[in-house]
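# Examination of the molecular architecture
Listed below, chain by chain, are the residues.
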Amino acid sequence: MRTLWAALILSHLPAIGQPLPRFEVVSIKTCKDDPWKTNPGGNAIPSSPGRIRFDCLTLPTLIRNAYLMYPDGKPWPRSFIGQPAYPEPYWQMQQPINGKEKWIAGDRFIIDAKAEGPATTEMMRGPMLRAILEDRFKLKIHWETREVPVYELTVAKGGAKLQPAKEGACIPQTPDMKPPASREWGKGPTILCGGFHVPLSGQGSGMYSESVTMGDLCFRFGLTLERDVIDKTGLPGRYDIRLELTLADLRLGPMTAAPSDPGAAPAATDPTGAIASALRKVGLLLQPAKGRGQFLVIDHVQRPSGN
C-alpha cells in the first residue's frame, strides 16, 4: 500500500525526460560564514520576481526544496484559516537525505540565480532549483520504497455517529481563496468548511468541524500524529462533527522537529490518547497499521562546478 504522501509526491514530480525550466544566470559559492548569522531560518530569499538567493544552505536542504516541498512549482494549499498549509506531514517532508560523500551534510552553499523573465518563488524553489542541482551538482537520485508506520481510520462495530453537513452553515473553501472578511453575527456563516473551531461560550465544549470529509479528518490528524492517516471508513459525503478535543490536543502551532529516521515510529500522540478517544465517541477508530513510503536516495553528486 502506498501512503497518501507518497502518492502526492510522485504525482507532482515532473515526468522523466521532461525539460525543466532553467535560470538564465546562476552563481554558486561556498558559504564560509556562520549560517545562523547569515540565514537563521534556513530560507530561500526572493529579491524580486525571477530572482532568488539560497543563502548558506546544505545540499539536503536544497534537495528538500526542489523534490519534496515544491516539486511541481506550485503554491502550497491553504489551511482552514486561509494560511499556507504543509501539503504533506512535516516530518515526512523533512526526511533525512544522505550520501556517501562526507561533505553533503556539512558544506553550505550560496546560490544567486536570475531567470530570463518573471518566475514565482515556488517555481524557483522547485523545478528551477532542481535544474541547478542536476546541472551544477551533477545530482542523480532515485526513490526507494520502505515500510512505514501509518494509522487507519475505520468505522467502529456499532457504526458511525455522524450528522450530515447542514447546507450553508459554513463558507466553502477554494484553492485560491483569501482569509474571509469578518461578518456580522446573524448575517451569514463565519466559519470555514472543513476546519476546526472552538464553540462560543454557552454553545458546548470540545471542537467543532462543519462540512468535513473523512479525508479532511485524516489530513488534519496526520499533521498532529506525524504519520499518514488512511481513510478506511468508506463514508462518502460531508459531516458536521463535534469532537471532545482541545487546541492543545491538535497541536495547532509550530510543527515538531523531524525524527532522525522517518521509517521508525515518530514521537507522536499515542493512538489510545485524546484523538482516538474523541473519535471512538463518534463511532470511528484510529488503528496503527503499516504502509509504504517513498524516500529519496542519492546515487551520485559532486561539488558544484565553478562560476
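Scroll up a little and you will see the structure.
Just so we're clear, the structure is a prediction, and the values are computed from it rather than from any experiment.

With that out of the way, let us pick up the sheet that holds strand β9 (residues 239–243). Reading across from one edge, β6-β9-β7 is the order of the 3 strands in this open sheet, with antiparallel pairing throughout. Unpaired on one side and paired on the other, β6 (163–164) and β7 (207–212) mark the two borders of the sheet.

A few words now on the side chain of Thr-154. Mapped onto the fold, Thr-154 is located in strand β5 (residues 140–155). Relative accessible area serves as the criterion here: at 13%, Thr-154 is assigned to the buried category.

Let's shift gears to the sheet that holds β5. Strands sit in the order β8-β5-β10 across an open sheet of 3 strands; the sheet is mixed. At either end of the open sheet lies a strand with only one pairing partner, and these are β8 (229–231) and β10 (284–300). Going across the sheet, the axis of each strand differs from the next one's by a mean of 35 degrees, ignoring polarity. In this structure, β5 lies alongside β10, joined through 16 bridges in antiparallel fashion. The residue of β10 that forms the bridge with Tyr-151 is Pro-288. Sitting on the sheet, helix α8 (residues 214–225) is in contact with β5, β8 and β10, with an inclination near 170 degrees to β8.

As a further point, take the nonpolar core. For soluble globular proteins, nonpolar side chains are generally found buried alongside one another. Ranked by internal contacts, the top residues of the largest apolar core, which has 29 residues, are Leu-59, Ile-63, Leu-133 and Phe-137. Of all the elements, helix α3 (residues 59–69) adds the most residues to this core, at 6 residues. Apart from residues lying up to four places away in sequence, Phe-137 is in contact with Ile-28, Leu-59, Leu-62, Trp-103, Phe-109, Ile-111, Ile-132, Val-301, Gln-302 and Pro-304.

Reading guide: rules and limits
- Residues numbered from 1 in each chain as written.
- Predicted model: local features only at pLDDT ≥ 70, side-chain atom pairs only at ≥ 80, totals over all residues.
- Heavy atoms only, no water.
- Pairing = 2+ DSSP bridges.
- Helix = DSSP H or I, 4+ residues; strand = E, 2+ residues; numbered from the N terminus.
- Buried < 20%, exposed > 50% of the residue type's maximum accessible area, 1.4 Å probe, protein only.
- Axes fitted to C-alpha atoms, helices over the stretch in contact; angles between N-to-C directions.
- Contact = heavy atoms within 4.5 Å.
- Core = buried A, V, L, I, M, F, W, Y, C linked by side-chain atoms within 4.5 Å.

Just distances and angles here, no functional claims.
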